[in-house]
Amino acid sequence: MRLGLAWLVVMTVGPGSAVAAPPDGPGEAFFEQKVRPILVASCAKCHGAKKQESGLRLDARSALIQGGDSGPAIVPGDPAKSLLMQAVNHQGDFAMPPTRKLSDEQIGVLKLWIERGAPWPGGDRPVAVRSGAITDEDRRFWSFQPVVDPPVPAVADRAWPRTEIDAFILARLETASLKPSPQVDRRTLIRRASFDLIGLPPTPAEVAAFVADPAPDAFARVVDRLLASPRYGERWGRHWLDVVRYADTAGETADFPIREARLYRDYVIDAFNHDKPYDQFIREQVAGDLIAATTPANHAELVTATGFIATSRRFGFDPQNYQHLTIQDTIDTVGQAVLGLSLGCARCHDHKFDPISAADYYALYGIFDSTRYAFPGSEEKNRPRDLVPMVPPAEAAARQKTYDETLARLIAEVKEVDARKAAIEPEFRAVVGIDGSFEAQKIAMGPGIPWGYFDGARVTASSQSPYTNVYPTGSRGISLPNNAANNAIVQTLPVNRKPETHDRVYYNLDFRFASGGNGTYRIYLGHGPGQSAAVELYFNAHQFFVRSGDAHEPVRELREGVWYNLQVVADLDARTYSGTVGLPGELTRFSGKAFSSGWDGNLDCTFIDGYGQIPGHKPASDVDNLAVSDAPFPPPDEPSAGSASDRSIEAYTKVGTLRAALGDLDARRAVAEQARTALQTAGPFPLAYGVTEGNAHDARVQKRGEPTTPGDEVPRRFLQILGGDRVPPDSGSGRLALAEWLTRPTNPLTSRVMVNRVWQHHFGRGLVATENDFGRRGLAPTHPELLDHLARRFINGGWSVKSLHRLIMLSSVYQTAGAGDSAPDLLGRFPRRRLDAEEIRDAMLFTAGTLDTTPAGPHPFPPVETWGFTQHSPFAAVYESNRRSVYLMTQRLKRHPYLALFDGPDPNSSSPHRSATTVPTQALFFMNDPFVHGQAAALGRRLASADLDDRARLRLAFETTLSRPPSADDEADALAFLAAEREDLGASNVAPPEADALAWSALARTLYSRNEFLFVD
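Residues numbered from 1 in each chain as written. Predicted model: local features only at pLDDT ≥ 70, side-chain atom pairs only at ≥ 80, totals over all residues. Heavy atoms only, no water.

Caption draft 1: Spotlight on the packing of helix H29 (residues 968–987) against helix H30 (residues 992–1008). It is at 9 Å that the axes of H29 and H30 come closest, and there the two elements cross at 135°. Of the possible angle classes, the one that applies to H29 and H30 is oblique. Our pair here, H29 against H30, has a crossing hand that is right-handed. In this structure, H29 contributes Ala974, Phe977, Leu978, Glu981, Arg982 and Leu985 to the contact, and H30 contributes Ala995, Asp996, Leu998, Ala999, Trp1000, Ala1002, Leu1003 and Thr1006. The residue makeup of the contact of H29 with H30, split by class, is 10 nonpolar, one polar and three charged. (Axes fitted to C-alpha atoms, helices over the stretch in contact; angles between N-to-C directions. Helix = DSSP H or I, 4+ residues; strand = E, 2+ residues; numbered from the N terminus. Parallel < 35°, antiparallel > 145°, perpendicular 65-115°, else oblique. Left-handed = near helix turned anticlockwise from the far one by under 90°. Contact = heavy atoms within 4.5 Å. Nonpolar A, V, L, I, M, F, W, Y, C, P; charged D, E, K, R; others polar.)

This is the structure in structure tokens:
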């Protein structure tokens, strides 16, 4: 027996292995926005309803598949076998259109459409194409009818209904001569309710308390407890974030991060937790910044709410050139999320199925084109701007004034410090010279004036050379660490030596290495910091090298811990150099070495750095006594004559005084810079990624959706089918009016769409199965009277979502068992569903005891000043976390690998429902992924450390993960599994305590991969 194979069974025969998405989805939107305009503009004239050249029609999917005289025009999923692709590419005997070739972009759209299976609105269901003015038939369509309060139907079985909802369900069942399934058991019911409301399983204690509670209102109290949990908002906020295509990145070609997007996410979670009335919730998201003008106390919350609009996707290399597509995304999302209508399909032409004209679209377009969106940054303009202050305007102005004054003071202080340093530094340089003995430097610091340094170079007492041929005995030198960093010291020399002014230049350096490393340090003399080398020499833990021209030559072997002296004589006229390297009595000479071929005739810089000819880790090294002179140096075994760089006591005293003054200035500058950085990082006030008012204006129709072909101007207004109200004069963009139109109680769509979403997330499918499409392409409601009953209760109940939950969950239909013989549409039995991606991950964290419930905070994005993302190097990151999955950083261009694997939402378009695909990589995830193993190990440790016997531990394991005790068969199988695991681990010499924890961890993995864990009944 191997319990670990359980998930493989799920993958092959488990429920949900072939769940089909409802017909309305991103593919249909892609068709309407990209494909149909091409077919209408370039193909319909010769291959439409009136004319079919070569027997071919291109105005219906079935006609394309059937094809014409030459055969099928398309093979869904296979562009290479599709004659349409040959025709548009003008290959062989086919050429469509015959007089001109489509653009590469248009051909690419058709190819992608066919690759995706050629989705077509309505699939193979015949849907009449409409055109022209709104008709009485349009107005009679069910979703445009006013919400009514239908009478509760009479039923024969009066004992079953608990609520009015049940009467609507039972009436349909009785009409079909069917009965509802029996009441579900309490363990299953509390697990169902817990996942539905908070996305987490109940604890064993919660299950036990509910099972033992005989009170009639026991389940009602469970529902109230779950609705009061802060975990509720995290679960139901995620549902809304799916619909509004939330993401933490912008979606343009470089996918720039949006640091402030999380504030909108948190607003949504808080709104659900506080049961914010849904109509208010919508108004705030559409026009929160305008509402804030009258409610300044809630200013931060209200402007944050407009992230709903601001998080619209950006497009292209420079998104400002594609703002019309961003506005389309806004309109499409508002239409689908709030109204259940695909408004974006009217961008290029009147909607082909619903009474929404292009004029309707551009009437709304004008509202959003009169709105200023926060800008996230892009490859062309890589800094965010136009973010919205989270404080009222008067307070923002006052804070900005204080900020500007403080910033100006700090900048002035830095300038003053720099001026004082500039006055002292020449005197300091004059006293210390090049300070090649480093005696003017502070120990344990990087070398200061006249030196510069990078990375780990430090002044240390242990780095003092024993040689005194150039400088008197000192007390310090430079330490270079053992790593692959640059670790450089660099100095611009006081004199620029050239062939016309200097015949020769003499160089001295003492060095040693203390530990291994094959990478080489580089010793440089030349023009500028690496720009034009004259002399380059190298050492590592094995050898010393010289560069001659462009060749690198070994000179001698080196020994660890030995101080070596290097002397070089550079002949500037001949462009050659010679020298010695070694120790007294053991000097190795080299001569006739050519300068680097790129030397430009200037020698004004010396440095030692980590960019030698051999990359990699360099040995830990010490260097000291660096000198550059116009006269030769004594050999290393002769003491200094005192002429090269010896200083008087007075000079050292002066150095100390000047160094102290410079140190004080450096400290003062550092404090001012730190304060300035902190001030600029914080800004004058917190900012939201939202929208504000722009320049109010009406928009022109864009013919075929192209901004370059403007048509008639359209006044800003609401949809004609919903009243066509115009934006009042002097009311800005019109977003506040739009917010009111969307949420007025007489709007027939807003309440229906939302109650349908709530029903969907309790039963797995809405009463309208096309949750984002209440138009003609969508499906009609299975229970239209119940839909209106719920919508009317929703409005009359103050648009309270939590009240709607109670109404639904306390019904008998919600509390039925999953077994039964009724059709799914009739709801006589509760439908089984697989946990979604977030529920699976969160449930593992929760049952393992590793879930972090603290506030999420910002994502660890790179500092904004480092942003330079491009289309060839876009932003991409995965930030690991043990917080709930709603807080995972969500990218648009590169989806989170776990969420993509388990059908997480597409952040590029509204996701009204989740698919439930079944692929082998999901099984591999449960078998191999470190996350699963980590959670199983944590649960295993909990079980192994519990002061219980194996049977009691086993009961705890099953109740924790599956909300039930093990059956007799479960117990026998699991105990045998544990015994086998312990035996195998013991044979591998694993100590008993550790073996016990590992055995329980292995068992935990089998529980996590069970159908029971992964499905809700």
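Caption draft 2: Looking closely at the sheet that holds strand E8 (residues 521–527). Across the sheet, seven strands lie side by side as E3-E6-E15-E8-E9-E10-E11; this open sheet has antiparallel pairing. The outermost strands of the open sheet, each flanked by one partner alone, are strand E3 (452–453) and strand E11 (551–557). (Pairing = 2+ DSSP bridges.)

Caption draft 3: A look at the confidence of the model for the protein. Taken over all residues, the pLDDT of the protein has a mean of 91, while the share at 70 or more is 94%. In this model residues 1–25 is a low-confidence stretch, pLDDT under 50, and it forms 51 contacts with partners more than four residues away in sequence or in other chains. Taken as a whole, residues 643–647 scores under 50 in pLDDT and shows 10 contacts with residues more than four places along the chain or in a different chain. (pLDDT = per-residue confidence, 0-100.)

Caption draft 4: Structural view of the side chain of glutamate 838. Inspection of the secondary structure puts glutamate 838 in helix H24 (residues 837–848). At 2.8 Å, the side chain of glutamate 838 forms a polar contact with the side chain of arginine 914. (Polar contact = N/O pair within 3.5 Å; in protein donor to acceptor, adjacent residues only side chain to side chain.)

Caption draft 5: View of the packing of aromatic side chains. As enumerated under the stated definition, the model contains 47 aromatic pairs in all. For the ring pair phenylalanine 595 and tryptophan 599, a centre distance of 5.1 Å and an interplane angle of 85° mean the geometry is edge-to-face. The two residues phenylalanine 595 and tryptophan 599 agree in class, both being buried. By way of ring pairs, the aromatic residues Trp240, Tyr246, Tyr264, Tyr267, Phe272, Tyr278, Phe281, Phe794 and Trp799 are connected into one cluster. The aromatic ring of tyrosine 814 is capped on one face by arginine 192, whose charged end is 5.7 Å from the ring centroid. If you follow lysine 618 out to its NZ or CZ, it ends over the ring of tyrosine 521, 5.9 Å from the centre. (Phe/Tyr/Trp six-rings, centres within 6.5 Å; stacked < 30°, edge-to-face > 60°. Buried < 20%, exposed > 50% of the residue type's maximum accessible area, 1.4 Å probe, protein only. Lys NZ or Arg CZ within 6 Å of the ring centre and 35° of its normal.)

Caption draft 6: Region of interest: helix H23 (residues 801–809). Along H23, the residues that are buried comprise Val801, Lys802, Leu804, His805, Ile808 and Met809. All buried residues of H23 fall inside an arc of 155° around its axis, so they share one side. (Arc of directions from axis to C-beta.)

Caption draft 7: Expanded view of the nonpolar core. Counting residues in each nonpolar core, the largest one holds 159 residues, and the members touching the most others are Trp240, Leu719 and Trp759. A total of eight residues in this core trace back to one element, the largest contributor, which is H30. Those residues in contact with tryptophan 759 that sit more than four places away from it in its chain are Ile165, Ile169, Gly764, Arg765, Gly766, Leu767, Leu786, Leu790, Ile808, Val813 and Leu827. Core analysis: the second largest hydrophobic core is formed by 49 residues, Leu525, Tyr564, Val581 and Phe590 among them. (Core = buried A, V, L, I, M, F, W, Y, C linked by side-chain atoms within 4.5 Å.)

Caption draft 8: The pattern of salt bridges, seen in detail. Summed over all chains, the structure comprises 72 salt bridges. Put simply, lysine 111 and glutamate 115 hold a salt bridge, and the shortest N to O gap is 2.7 Å. Taken as a pair, lysine 111 and glutamate 115 lie in helix H5 (residues 104–115) at a separation of four residues, close to a single helical turn. Of the residues examined, lysine 111 reaches a relative accessible area of 40% and is grouped as partly exposed. Its salt-bridge partner being aspartate 852, residue arginine 883 comes within 3.7 Å of it at the nearest N-O pair. Within this pair, whereas arginine 883 is found in the loop between H24 and helix H25 (897–901), its partner aspartate 852 is found in the loop between H24 and H25, the two being separated by 31 residues in sequence. According to the relative accessible area criterion, arginine 883 is partly exposed, its value standing at 21%. (Salt bridge = Lys/Arg side-chain N within 4 Å of Asp/Glu carboxyl O.)

Caption draft 9: Expanded view of the domain arrangement of the protein. The assigned domain composition of the protein is domain 1 (26–126), domain 2 (396–428 + 648–684), domain 3 (434–644) and domain 4 (927–1013). Here the C-alpha centre of domain 3 lies 33 Å away from the C-alpha centre of domain 2. Carbon and sulfur atoms supply 66% of the area buried between domain 2 and domain 3, which totals about 550 Å² over both sides. Across the contact surface, domain 2 and domain 3 share zero salt bridges. Linking domain 2 with domain 3 are two residue pairs in polar contact (both at pLDDT 80 or more). For the side of domain 2 that touches domain 3, the elements supplying multiple residues, two or more each, are helix H18 (393–432) and helix H19 (649–682). In terms of residues, the side of domain 2 that touches domain 3 owes the most to one element, H19, which gives five residues. The class makeup of the residues in the side of domain 2 that touches domain 3 is four nonpolar, one polar and two charged. (Domains from an automatic or database assignment. Buried area = accessible area lost by both parts, 1.4 Å probe.)

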